[in-house]
Amino acid sequence: MGTVDLNVNSDPVGSRPPARRRSPFNSIKFFVLCHSLLQLAQLLVSGYMKSSISTIERRYGFSSQKSGVLAAFNEVGNTILIIFVSFFGSRVHRPRFIGSGALLACLASLLIAMPHFLSDPYDYANRVSCETTRQESPSQEGVYPLLLLGQLLLGIGVVPIQPFGISYIDDHASRRNSPLYLGILFAVTTIGPALGFITGSLMLRYYVDFDKLSPDEIELDSKDLRWVGAWWLGFLVASCLVFLTALPYLFFPRNMPQEDGADDVETRPDSKHQETNQLQELSLPQFLKSFPRIALRTLRSPVYLLVALAQVNLAALLSGLATFMAKFIERQFSQTVSFSTMMIGAVGIPMAVLGTIMGGILMRRFCLSVSGASKLCTIAILLCTFSAMPLLLIGCPTQRVAGVFPPGYCGISFTRGWEFISHCCGCPQDAFNPVCGSDGVEFRSPCHAGCGAMEMDTNDKNYTECRCVGGLGSAAPGTCGSGCAHLLRPFMVLLGITSFVASLSQTPSYMMILRTVPAEDKSFAVGVQYMLFRVLAFMPGPVLYGSVIDTTCILWGKKCGKQTSCLYYNLDHFRQRFLGVQVFFVCGGLLCFLLTIVVLRRASRRQEAQPDGRAGYALVTGQKAAEDAASKEKELLGVKT
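Values in this document were obtained by computation on a predicted structure and should not be read as measured data. (Residues numbered from 1 in each chain as written. Predicted model: local features only at pLDDT ≥ 70, side-chain atom pairs only at ≥ 80, totals over all residues. Heavy atoms only, no water.)

## Concerning the packing of aromatic side chains
Using the following cut-off: Only rings of Phe, Tyr and Trp enter the pairing, Trp through its six-membered ring, and a pair is recorded when the two centres are within 6.5 Å. The plane angle decides the type: under 30 degrees is stacked, over 60 is edge-to-face, the rest tilted. Any residue under 20% of the maximum accessible area for its type is buried, any over 50% is exposed, and the rest in between are partly exposed; the area is computed with a 1.4 Å probe on protein chains only. For helices the rule is a DSSP run of H or I covering at least 4 residues; for strands it is a run of E covering at least 2, with both sets numbered from the N terminus onward. Only Lys NZ and Arg CZ are tested; either one counts as a charge over a ring when it is within 6 Å of the ring centre and within 35 degrees of the ring normal.
Counting across every chain of the model gives 30 aromatic pairs. Centre to centre, the rings of Phe25 and Phe30 are 5.4 Å apart; their planes meet at 85 degrees, and the pair counts as edge-to-face. Looking at Phe25, the relative accessible area reads 21%, which means it is partly exposed. With 6.2 Å between their ring centres and 80 degrees between their planes, Tyr60 and Trp231 make a pair best called edge-to-face. Placement of Tyr60 in helix H3 (residues 28–60) and of Trp231 in the loop between helix H10 (178–203) and helix H11 (233–246) is noted, with a sequence separation of 171 residues between them. Residues Tyr60 and Trp231 agree in their burial class; the two are buried. Counting every residue linked through ring pairs, the aromatic cluster contains Phe328, Phe333, Phe491, Tyr545, Tyr569, Phe574, Phe578, Phe584 and Phe585. The aromatic ring of Tyr144 is capped on one face by Lys66, whose charged end is 4.7 Å from the ring centroid. One cation-aromatic arrangement involves Arg365 over Phe366; the distance from NZ or CZ to the ring centre is 5.4 Å.

This is the structure:
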């Protein structure tokens, strides 16, 4: 011990750098690992909300549009703060801000689960009288605002996580390894939503009120259209994970040694740090004064703007896929909620992870410039268009439901006179307990099927003496289904291919964003990019998809005279409109990437006479003008040089 102390005191300067290098909190690789785990947990919350949205919709009687608003509401707080947080990224302790935001997200996740503990048990049979419902309406009406508040706080909490993390990695990683690290980060964090969907699949197999009822009191099974799973349970689990992954950020330094700094002397000049320090001297009034001009300066870069708009189109596609694709599979192919959720988490998202990793590998393997990255993105989205089109043709026709579809059809009663029509179609509107007749026609309840008796076997029950049912005149509990579950396999294969190909563009497009703005505007540019995501994609996207889905509803639920969630959809319209919107966004992304190639080609021709572009990932045009604009901006603000 004495010898060690003497050595440290005799040569403090020489001994400190090795000590810092030995600390894992001074390693960018360890930061990438921790940040991947944090985003894994944080996006697990987001993915779990998407996987549970249709269950929450059914539990509390929301429309799809209302569910879309709920799914998108976390973007409200995120949008308000994202640019300010990103602009101040170079002047604050980024790791600590990331950790603080994660702790807030942890509390928000707990808040989202609260409505379950404040609500009465789920009444799937409408056994509660309407007068009792009116008396309890204040507490029930308070559920939606509470969920919105939880989503709002969740959005605020995650504001600093990705922008600060991306800029921190790119600032301290070597030029060669930065794309690989970001590719790994994007790939690992993509697993977060996948785990959210898989967790949702597991949790939704348990009845929502298993903590309030004994097993003997639970009469439904997961195949029943009235089934509601334990949507709240996953938020408690995710909250614990977010808390644990937030703790390491309290120990990371504000700045760490550069990775392989000797290799980056040319590509990472000292002027970059000088410019960053100058920007840190800006006061809040100066920031507010410069904010519009810097935002306009960033958006004036045509490559940056086109790439950001292309990503907006793909983000809008993702918002609909993540929020409502499980519901689409459930309805279109007659699957349970948990199985449909598992399909998204086990097929769609993992294929997107592979595509993201492959995009980063291609960038690193071929050392693609911004021009090469734009071509890679264009090819990927073009192939995505070809693989997405056939999805419109794979689906099921709407099943026959007496009194619902086709309109005016009430089973065999239509051919037997008005007395049968009044008996089969004159049941209470609130009644919803689907049964499948022996003639293949589905009825909303045994009453609508005209059943007069019920037989009980060992584990099954069967309704008999059903005067509105043809054939044997009997009916089995549950839906008849769409009858084309065999088409689920080719649909999921095409969906997986589409996810893989589209994700090839993720890492190249992010590198294009980072390489087309001045170094001091990097955090700000990422913030503008994420603001565009939220304002143009993540906020309106789920609401748009939910509104489109609502237009395909052919029977709304009723409870005490109030409209609840949709009971039956026109499956042909559901498929055509839902997937049609996604194809539209894919084509929008393709157009933006094509225009990026055109802009880069024209800029390259203009600079052929004076070639001074940088190697590797550097943009061949626009960089000098952006830097001059930045210098002029600082002079106007009175920043000392």
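## Remarks on the packing of helix H4 (residues 64–72) against helix H21 (residues 540–550)
Relative orientation and spacing of two packed helices are given, respectively, by the angle between their axes and the distance between those axes. Heads up, the condition is: Note on geometry: axes are lines fitted to C-alpha atoms, helical ones only across the stretch in contact, with angles between N-to-C directions running from 0 to 180 degrees. Convention used here: angles under 35 degrees read as roughly parallel, angles over 145 as roughly antiparallel, angles from 65 to 115 as roughly perpendicular, and any remaining angle as oblique. Two residues form a contact once any of their heavy atoms are found within 4.5 Å.
In the contact formed by H4 and H21, the axes pass within 7 Å of each other and the chain directions differ by 170 degrees. Relative to H21, the element H4 lies roughly antiparallel. Along the contact surface, H4 presents Ser64, Gln65, Gly68, Val69, Ala71 and Ala72, while H21 presents Pro542, Val543, Gly546, Ser547, Ile549 and Asp550.

## A few points about the nonpolar core
Put simply, the test is: The nonpolar core is taken to be a set of buried Ala, Val, Leu, Ile, Met, Phe, Trp, Tyr and Cys residues, with the residues joined through side-chain atoms within 4.5 Å.
Met325, Ile329 and Phe491 are the most contacted members of the largest nonpolar core, which has 138 residues in total. Those residues in contact with Ile329 that sit more than four places away from it in its chain are Ser334, Gln335, Ser340, Met343, Ile344, Leu488, Phe491 and Met492.

## So, the confidence of the model for the protein chain
Keep this limit in mind: Per residue, pLDDT captures the predictor's confidence, and it can take any value from 0 to 100.
Mean pLDDT over the protein chain works out to 79, with 80% of the residues at or above the 70 mark. In the predicted structure, residues 133–139 sits below a pLDDT of 50 and forms three contacts with residues beyond four places in sequence or in another chain. Overall, residues 262–276 carries pLDDT values under 50, and its contacts beyond four positions in sequence, including any with other chains, amount to 18 contacts.

## Focus on a negative patch on the surface
We count it as follows: Exposure above 30% relative accessible area and no salt bridge define the residues that can form patches, which grow by joining like charges within 9 Å and nonpolar side chains of Val, Leu, Ile, Met, Phe, Trp and Tyr within 5 Å. Values of accessible area rely on a 1.4 Å probe in the Shrake-Rupley scheme; residue burial ignores everything except the protein chains shown. The term salt bridge refers to a pairing of a side-chain nitrogen on Lys or Arg with a carboxyl oxygen on Asp or Glu at a separation within 4 Å. Positive: Lys, Arg. Negative: Asp, Glu. His and the chain ends are not part of the count. Lys charges are placed at NZ, Arg charges at CZ, Asp charges at CG and Glu charges at CD.
Residues Glu455, Asp457, Asp460 and Glu465 make up a contiguous surface patch of negative charge. According to the relative accessible area criterion, Glu455 is partly exposed, its value standing at 46%.

## Section: the pattern of salt bridges
Taken as a whole and judged by the stated rule, the model has seven salt bridges. Here Lys327 ties to Glu57 by a salt bridge, and the two come within 2.7 Å at their closest N and O atoms. One end of the pair, Lys327, is in helix H14 (residues 302–332); the other, Glu57, is in helix H3, and 270 residues separate them in sequence. Look at Glu57 and you get buried, because its relative accessible area is 4%. The partner of Asp224 in a salt bridge is Arg226, with the nearest N and O atoms 3.0 Å apart. Here Asp224 falls in the buried class, since its relative accessible area comes to 16%.

## So, unusual backbone geometry
Omega for the bond connecting Phe405 with Pro406 falls within 30 degrees of zero, at -5 degrees, which places this linkage in the cis form. Considering the arrangement of structural elements, one finds Pro406 in the loop between helix H16 (370–388) and helix H17 (418–425). The backbone of Ser334 shows a phi angle near 55 degrees, a positive value even though the residue is not glycine. The topology assignment puts Ser334 in the loop between H14 and helix H15 (337–366). Positive phi values are uncommon outside glycine, yet Glu465 reaches one of about 55 degrees. When you line up the elements, Glu465 lands in the loop between strand S4 (461–464) and strand S5 (475–477).

## Some remarks on the side chain of Ser565
Among the secondary structure elements, Ser565 is positioned in strand S7 (residues 562–569). If we ignore the near neighbours within four places in the chain, the residues touching Ser565 are Glu57, Arg58, Gly61, Phe62, Trp556 and Gly557.

## So, the environment of Leu299
By secondary structure assignment, the location of Leu299 is in helix H13 (residues 284–299). For Leu299, a relative accessible area of 30% translates into the label partly exposed. Separated by 230 residues in sequence, Leu299 and Gln529 place their C-alpha atoms 9.6 Å apart.

## A word on the state of the cysteines
Here is the rule: We call a pair of cysteine sulfur atoms a disulfide whenever their separation is within 2.5 Å.
Taken as a whole and assessed by the stated rule, the structure comprises four disulfides. The disulfide partner of Cys436 is Cys480, and the gap between their sulfur atoms is 2.0 Å. In this structure the cystine formed by Cys436 and Cys480 twists about its S-S bond by roughly 110 degrees; its chirality is therefore right-handed. Residue Cys436 is located in strand S1 (residues 435–437), and its partner Cys480 is located in the loop between S5 and helix H18 (488–503); the two are separated by 44 residues in the primary sequence. Disulfide pairing is shown between Cys553 and Cys566; the S-S distance is 2.1 Å.

## Details of the environment of Ser109
Note that Ser109 resides in helix H6 (residues 94–118). Taking the C-alpha atoms as reference, Ser109 lies 9.3 Å from Gly234; in sequence the two are 125 residues apart. Excluding its chain neighbours within four sequence positions, the residues that come into contact with Ser109 are Val45, Phe235, Ala238 and Ser239.

## Some details on H3
Quick reminder of the rule: Expected helix span is computed as 1.5 Å times (number of residues minus one). Here the bend at a residue means the angle between the axes of two seven-residue stretches, the one that ends at it and the one that starts at it. Polar contact criterion, stated in full: a pair of N or O atoms within 3.5 Å, where within protein one must be able to donate a hydrogen and the other to accept it, and residues adjacent in sequence count only if both atoms are side-chain atoms.
Compared with an ideal rise of 1.5 Å per residue, which puts 33 residues at 48 Å, H3 spans 46 Å between its outermost C-alpha atoms and is within 8% of the ideal. By the largest-angle criterion, Ser52 marks the main kink of H3, which is about 50 degrees. Within H3, 27 of the 33 residues are buried, which leaves it mostly tucked inside the rest of the structure. By the N-cap criterion, in which a side-chain oxygen at the helix start approaches the backbone nitrogen of a residue two or three places on, H3 is capped by Ser27, the distance to Lys29 being 3.3 Å.

## Things to note about a positive patch on the surface
Where like charges cluster on the molecular surface, the positive patch consists of Lys375, Arg601, Arg602, Arg605 and Arg606. Of the residues forming the positive patch, the biggest block, four residues, is contributed by helix H22 (residues 571–606). Note that Lys375 resides in helix H16.

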